[in-house]
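Observations on the model geometry
Chain residues, written in single-letter form:
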Amino acid sequence: MAEIYLDNSATTKPYLEVTTKIVKILTEVYGNPSSYHRLGQESRSMIELARQLIAKSLSVKNDEIYFTSGGTESDNLAIKGACLANSKRGNRIVTTVAEHPAVIKTIRDLKRQGWEVEYVSAPRGELDLEELDAAINERTVLVSAMLVNNELGCIFPIEKIKQIIARKNSPALLHCDAVQGYGKMDFTAASIGADLISISAHKIHGPKGIGALYVRNGVNMFSLNLGGGQENGLRSGTESTPLIAGFGEAVRLTFENRFEDQLHMLKLRDYCIKALLAGIPDVVINSSKFGAPHIVNFSLPGIPNREVVEYLSTRDIFISSAAACKGNRSRGPSMLESLGLTRELADSALRVSFSYMNSIQEVDLLVEALVDFCQGK
């Protein structure tokens, strides 16, 4: 049986066009993009084309896009860069209990340095906007909230957060970790109102090791990387032209086909939920039907999720027991508990995540394998 890959929230298989472009640039357009000779300038043009494609996808200006090594660095740069540069405005950060470790740990580090932090609850994936409203004040420098939760697929109303910031007359900047939502949902920087947006290539069939940060023009930022002044001085270091060009190609293909692909993933998600409920009487669906189109989180109560993942792997079916960035936690996916799941449901939680490459037949084979596993327990 061919491999069935259903762990696309962890990473995606690169487009063939992406890998082809990366190899071509590695072998033919290998000049340093800061060099003035032809090979250097050809390399520079590849970077600027990718920047243009990403900027267009967010409906922003080219010079508002900065390349990083991925979503984690984008989150770190957004949070620390904004807070350190605007500390005269206050010392308060507001975030949610459901954020990615790249956000939570960065904010925790600032808390150790004396920053005041408020965590807003999100029971069953519903962000408590009243609690958020009460948390934001005139000393709030930054609000950080993800667009799509990487575990449950729940969607946070980023545009409403921006409205609350404005109504409270707070100086707070709004950062959105959009890594799981980029290419899966239709949004622009203006539509969600974010001042800073983190995105990553390997979630949209691009290469690993490259991401980008949108920084609205006029936002004061502190640089965490000092060096040659690349990326307008915000993120120094020789740019990886092959990865950046691969990112651009992934953006081009993703956004050319996004409407068809989003509808396809939504159909797979809904079909998967119905098939799970029909085939496994004890299954508990943790994801909301109003969530992102590519994620289904469910639990098999009483069955450790790692056992299920390992069994499915023997049948060449690949899903996740938790976000890849925290899959080695011995306590289990604590984010799920913070979102209101019981310890039992969290310990047995499994995540299936789709891409345009998946099919109904693959979902049927997944459910068939899960039924076989449950019957053998």
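Given the structure is predicted, the values throughout are model-derived calculations rather than measurements.

Another point: helix α10 (residues 305–314). Residues three or four positions apart in an α-helix share a direction because the helix packs 3.6 residues into each turn. Taken as a whole, α10 has its buried residues at Asn-305, Val-308, Val-309 and Leu-312. The buried residues of α10 occupy one face: seen down the axis, they fall within an arc of 95°. The exposed residues of α10 that point more than 90 degrees off its buried face are Arg-306 and Thr-314. Packing partners of the buried residues in α10 comprise β11 (317–318), α12 (343–347), β12 (349–353) and α13 (360–376). The first or second residue beyond α10 is Asp-316, which carries a positive phi of 60°.

Another aspect to go through is the packing of helix α9 (residues 258–279) against α13. Between α9 and α13, the shortest axis-to-axis distance is 10 Å and the interhelical angle comes to 25°. Taken together, the axis directions place α9 and α13 in an arrangement best described as roughly parallel. Considering only the axes of α9 and α13, their crossing is right-handed. Packed against α9, whose contacting residues are Leu-268, Tyr-271, Cys-272, Ala-275, Leu-276 and Gly-279, the element α13 presents Ile-360, Val-363, Asp-364, Val-367, Leu-370 and Val-371 at the interface.

Inspection of the entire model under this criterion finds 3 aromatic pairs. Ring centres of Tyr-182 and Phe-255 lie 5.2 Å apart, and the angle between their planes is 50°; this geometry places the pair in the tilted category. Placement of Tyr-182 in the loop between β6 (173–177) and α7 (189–192) and of Phe-255 in helix α8 (residues 241–256) is noted, with a sequence separation of 73 residues between them. On the numbers, 5.1 Å between centres and 45° between planes, the contact of Tyr-311 with Phe-373 is tilted. Here Phe-373 lies in helix α13 and Tyr-311 lies in helix α10, a separation of 62 residues in the sequence.

Scanning the model with the defined rule gives 1 cavity of 30 Å³ or more in all. Estimated volume of the largest cavity: approximately 120 Å³. Lining the largest cavity we find 14 residues, and of these Gly-183, Lys-184, His-205, Thr-254 and Met-265 sit closest to its centre. The leading source of residues in the lining of the largest cavity is α9, at 3 residues. Class assignment for the residues of the lining of the largest cavity results in 4 nonpolar, 6 polar and 4 charged.

As a further point, take the sheet that holds strand β9 (residues 284–285). Across the sheet, which stays open at both edges, the 3 strands sit in the order β9-β10-β12 with antiparallel pairing between neighbours. Whereas interior strands pair on both sides, the edge strands pair on one side only; in this sheet they are β9 and β12. With 2 bridges connecting them, β9 and strand β10 (residues 295–299) associate as antiparallel partners. In the strand pairing of β10, Val-284 is matched with Ser-299. Each of β9 and β10 is contacted by α9, which is oriented at about 15° to β10, the strand it contacts most.

Although it is not a glycine, His-205 sits at a positive phi angle of roughly 70°. Within the secondary structure, His-205 is located in the loop between β7 (196–200) and β8 (211–215). For Glu-231, which is not glycine, the phi torsion reads 55° and is therefore positive. Position of Glu-231 among the secondary structure elements: in the loop between β8 and α8.

Here the focus is the packing of helix α3 (residues 71–85) against helix α4 (residues 101–112). Packing of α3 against α4 leaves a shortest axis separation of 9 Å and a crossing angle of 30°. What the angle tells us is that α3 and α4 run roughly parallel. When the axes of α3 and α4 are compared, the crossing they make is right-handed. For the pair formed by α3 and α4, the contact residues are Thr-72, Asp-75, Asn-76, Ile-79, Lys-80, Cys-83 and Leu-84 on the first element and Ala-102, Val-103, Thr-106, Ile-107, Asp-109 and Leu-110 on the second. Here the residues of the contact of α3 with α4 are counted per class, giving 7 nonpolar, 3 polar and 3 charged.

When pLDDT is averaged along the chain, the result is 94; 96% of the residues meet or exceed 70. Predicted confidence for residues 327–333 stays below pLDDT 50, and this span has 11 contacts to residues more than four positions away or in other chains.

How each quantity is defined
- Residues numbered from 1 in each chain as written.
- Predicted model: local features only at pLDDT ≥ 70, side-chain atom pairs only at ≥ 80, totals over all residues.
- Heavy atoms only, no water.
- Buried < 20%, exposed > 50% of the residue type's maximum accessible area, 1.4 Å probe, protein only.
- Helix = DSSP H or I, 4+ residues; strand = E, 2+ residues; numbered from the N terminus.
- Arc of directions from axis to C-beta.
- Contact = heavy atoms within 4.5 Å.
- Axes fitted to C-alpha atoms, helices over the stretch in contact; angles between N-to-C directions.
- Parallel < 35°, antiparallel > 145°, perpendicular 65-115°, else oblique.
- Left-handed = near helix turned anticlockwise from the far one by under 90°.
- Phe/Tyr/Trp six-rings, centres within 6.5 Å; stacked < 30°, edge-to-face > 60°.
- 1 Å grid on protein atoms, 1.4 Å probe; cavity = no way out; pocket = protein on both sides within 12 Å on 5 of 7 lines; lining within 4 Å.
- Points joined across faces, edges and corners; volume = space filled by probe spheres on them.
- Nonpolar A, V, L, I, M, F, W, Y, C, P; charged D, E, K, R; others polar.
- Pairing = 2+ DSSP bridges.
- pLDDT = per-residue confidence, 0-100.

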